[in-house]
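Structure at a glance
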Amino acid sequence: MARILAFANQKGGVGKTTSAVNVAASLGAMGRRVLFVDLDPQGNGTSGVGINKNKAQPSVYEVLMDGIPVTDAIQQTAFEGLWCLPANVNLAGAEILLASSQAREGTLKGALAFIEDTFDYIIIDCPPSLGLLTLNALTAAQEVIVPMQCEYFALEGLSQLLYTVDLVRQRYNRHLKLGGVILTMYDGRLNLSLAVSAEIRRYFPDKIFRTTVPRNVRLSEAPSHGKPVLYYDPHSKGAKAYQEIAGELDEKK
């Protein structure tokens, strides 16, 4: 059965999609079968694995709203061991439409139940909010992975997210747990990065990935080429960081 991980952070610009895409690609390169589920209406994760989001039909929207089989929407990427359930701008309307449906928080979980035995990992990239799409991801997942920038406001955002995780655990998914926190855009030369890192490690000593993700130009460039950084520049610091994080994640099974 697949290990289902929701990459979530309601704050934008923290490296959430970058982390989800590159961890998924790194796990695929390790020989795992990985499904990347893009649940963000921006569709950046879909583009990041080389799929044209404007031509991605059917997409996760049709799976959630029209009930089409998830197998009809999954696309194989050009990268080893990696498949994608794509998203496009249509998904933006799903929040409103889901609000009036029954069992609205469990729609994604029901869809993924048909393919759980097909993959080793299912990685869900959540939108940068705590709405119904994120609620669907948290209800379907076993673990939440939180990419987090090393700044003080991020600490406040983490506490809000953990409160939401606790509510989901109580009401919809008693198996949900915090799988780990990835420190992104880390610069060891800055006192701020060091201070925030130390504070997070004090509160979550066993939940922080040992590997931090540095600020890296190659990480920023890779999405514009439709490639995870491992395939864009495998020798870059960003590629090596996400390979190590994927290794840590795989160890925790």
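First, a word on scope: everything that follows refers to the structure included in this document. (Residues numbered from 1 in each chain as written. Predicted model: local features only at pLDDT ≥ 70, side-chain atom pairs only at ≥ 80, totals over all residues. Heavy atoms only, no water.)

1. Observations regarding the layout of surface pockets
As a volume, the largest pocket reaches approximately 380 Å³. In this structure, the largest pocket is lined by 22 residues; those nearest its centre are Gly 15, Thr 18, Met 185, Leu 219 and Ser 220. Contributing elements (two or more residues each) for the lining of the largest pocket: α1 (16-29), α2 (44-48) and α10 (217-221). Of all the elements, α1 adds the most residues to the lining of the largest pocket, at 4 residues. The residue inventory of the lining of the largest pocket, partitioned by class, reads 10 nonpolar, 10 polar and 2 charged. (1 Å grid on protein atoms, 1.4 Å probe; cavity = no way out; pocket = protein on both sides within 12 Å on 5 of 7 lines; lining within 4 Å. Points joined across faces, edges and corners; volume = space filled by probe spheres on them. Helix = DSSP H or I, 4+ residues; strand = E, 2+ residues; numbered from the N terminus. Nonpolar A, V, L, I, M, F, W, Y, C, P; charged D, E, K, R; others polar.)

2. Quick notes on the side chain of Asp 233
Mapping Asp 233 onto the fold places it in the loop between α11 (229-232) and α12 (237-251). Side-chain polar atoms of Asp 233 contact the side chain of Arg 218, separated by 2.8 Å. When near neighbours in sequence (up to four residues on either side) are disregarded, Asp 233 contacts Arg 218 and Ala 239. (Polar contact = N/O pair within 3.5 Å; in protein donor to acceptor, adjacent residues only side chain to side chain. Contact = heavy atoms within 4.5 Å.)

3. Things to note about the pairing of strand β4 (residues 82-85)
What you see with β4 is no split at all: Leu 82 and Cys 84 on one side and Trp 83 and Leu 85 on the other are buried throughout. Sheet analysis places strand β2 (residues 34-38) next to β4, joined by 4 bridges and oriented parallel. Looking at β4, one finds that Phe 36 is bridged to Cys 84. Relative to β4, strand β3 (residues 75-76) is paired through 2 bridges, and the arrangement is antiparallel. Note on β4: the bridge partner recorded for Gln 75 is Cys 84. What sits between β3 and β4 in their antiparallel hairpin is a turn of 5 residues, with Gly 81 showing a positive phi close to 65°. (Buried < 20%, exposed > 50% of the residue type's maximum accessible area, 1.4 Å probe, protein only. Pairing = 2+ DSSP bridges.)

4. A closer look at helix α9 (residues 191-203)
Across its 13 residues, α9 extends 19 Å between first and last C-alpha, which sits within 8% of the 18 Å expected from 1.5 Å per residue. Of all the residues in α9, the buried ones are Ser 193, Val 196, Ser 197 and Ile 200. On an axial view of α9, the arc spanned by its buried residues comes to 100°, and they lie on one face. Exposed residues on α9 whose side chains face more than 90 degrees from its buried face are Asn 191 and Arg 202. Among the structural elements, β6 (143-149), α8 (152-171) and β7 (177-184) are those in contact with the buried residues of α9. (Expected span 1.5 Å × (residues − 1). Arc of directions from axis to C-beta.)

5. Remarks on the pattern of salt bridges
In this structure the tally under the stated criterion is 8 salt bridges. The residue Arg 218 makes a salt bridge to Asp 233 at a minimum N-O spacing of 2.8 Å. Highlighted residues: Arg 218 in helix α10 and Asp 233 in the loop between α11 and α12, separated in sequence by 15 residues. Classification of Arg 218 as partly exposed rests on a relative accessible area of 33%. Bridged by salt links that share partners, the residues Lys 16, Asp 40 and Asp 125 form one connected network. (Salt bridge = Lys/Arg side-chain N within 4 Å of Asp/Glu carboxyl O.)

6. Some thoughts on the packing of aromatic side chains
In the structure shown here, the tally under the stated rule is 2 aromatic pairs. Between Phe 79 and Tyr 231 the ring centres are 4.8 Å apart and the planes differ by 40°, which places this aromatic pair in the tilted class. Remark: Tyr 231 occurs in helix α11 and Phe 79 occurs in the loop between β3 and β4; sequence separation between them is 152 residues. Assessed through its relative accessible area of 10%, Phe 79 is described here as buried. Owing to a relative accessible area of 28%, Tyr 231 belongs among the partly exposed residues under this scheme. Aromatic pair Trp 83 and Phe 119: ring centres 5.7 Å apart, planes at 70°, arrangement edge-to-face. Taken together, the residues span a long stretch of sequence, with Trp 83 in strand β4 and Phe 119 in the loop between α6 (107-112) and β5 (121-125) at a distance of 36 residues. Like Trp 83, the residue Phe 119 is buried in the burial classification. The side chain of Lys 252 reaches across the aromatic face of Phe 209, ending 4.2 Å from its centre. (Phe/Tyr/Trp six-rings, centres within 6.5 Å; stacked < 30°, edge-to-face > 60°. Lys NZ or Arg CZ within 6 Å of the ring centre and 35° of its normal.)

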